[in-house]
Amino acid sequence: FEVRWNSTSLVGVTDHNNSDMVVYPNPVSDHLTIRSASSENMDVIMCDLAGREILHTAVAEQETTISVANLQNGSYLLKVYNKDGLVKSDKIIIIH
């Protein structure tokens, strides 16, 4: 989600959970799958909860599998971007 506000009230909330894209399984142990309705070029970025980029990869297929086997157990933020900007944002839990 993206939240915008002024000093006195909430102005708007933008939902970045594109229903045409599915990320599974969650929680994940070894491989995360991203399935999209389109095959456009996208960037997939995973960050830890401190905001440090842990993984960055480009995908151009309707279904992509990403290995997370080398990442430590914990919670991560997954963001998927296309040429127009952020299209998906999910919290991912890794448990080996």
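Each remark here, short or long, concerns the structure printed above.
Here goes a summary of the coordinates provided. (Residues numbered from 1 in each chain as written. Predicted model: local features only at pLDDT ≥ 70, side-chain atom pairs only at ≥ 80, totals over all residues. Heavy atoms only, no water.)

## Observations concerning the overall build of the protein chain
Point 1. From N to C terminus, the protein chain includes zero helices and nine strands.
Point 2. Of the regular secondary structure in the protein chain, the N- to C-terminal order runs β-β-β-β-β-β-β-β-β.
Point 3. Residues classed as buried in the protein chain amount to 32% of the 96 residues present.
Point 4. Expressed as a percentage of contacts within the protein chain between residues at least 6 apart in sequence, the contacts between residues at least 24 apart total 48%.
Point 5. Roughly 6000 Å² of accessible area belongs to the protein chain as shown, and the carbon and sulfur atoms make up 49% of that amount. (Helix = DSSP H or I, 4+ residues; strand = E, 2+ residues; numbered from the N terminus. Buried < 20%, exposed > 50% of the residue type's maximum accessible area, 1.4 Å probe, protein only. Contact = heavy atoms within 4.5 Å. Areas by Shrake-Rupley, 256 points an atom, 1.4 Å probe, with all protein chains shown as cover.)

## Some remarks on the side chain of Asn82
Point 1. Inspection of the secondary structure puts Asn82 in strand β8 (residues 74-82).
Point 2. Only 2.8 Å separates the side chain of Asn82 from the backbone nitrogen of Asp84, close enough to count as a polar contact. (Polar contact = N/O pair within 3.5 Å; in protein donor to acceptor, adjacent residues only side chain to side chain.)

## Considering the environment of Tyr76
Point 1. Tracing the sequence through the fold places Tyr76 in strand β8.
Point 2. You can call Tyr76 buried: its relative accessible area is 7%.
Point 3. The sequence separation of Tyr76 and Leu49 amounts to 27 residues, and the corresponding C-alpha distance is 5.8 Å.
Point 4. Sequence-distant contacts of Tyr76, defined by excluding residues within four places in its chain, comprise Met46, Cys47, Asp48, Leu49, Ile54, Leu71, Asp90, Lys91, Ile92 and Ile94.

## Description of the pairing of strand β3 (residues 21-24)
Point 1. Here β3 shows a clear split, with Met21 and Val23 buried on one side and none of Val22 and Tyr24 buried on the other.
Point 2. Judged from the four bridges that link them, β3 and strand β4 (residues 31-36) form a sheet pairing that is antiparallel. In the strand pairing of β4, Tyr24 is matched with Thr33.
Point 3. The turn joining β3 and β4, which pair antiparallel and follow one another in sequence, is formed by six residues. (Pairing = 2+ DSSP bridges.)

## Brief notes about the sheet that holds β4
Point 1. Strands sit in the order β3-β4-β7 across an open sheet of three strands; the sheet is antiparallel. Each edge of the open sheet carries a strand with a single partner, namely β3 and β7 (63-67). Looking at each pair of strands side by side, their axes are set apart by 15° on average, direction ignored. (Axes fitted to C-alpha atoms, helices over the stretch in contact; angles between N-to-C directions.)

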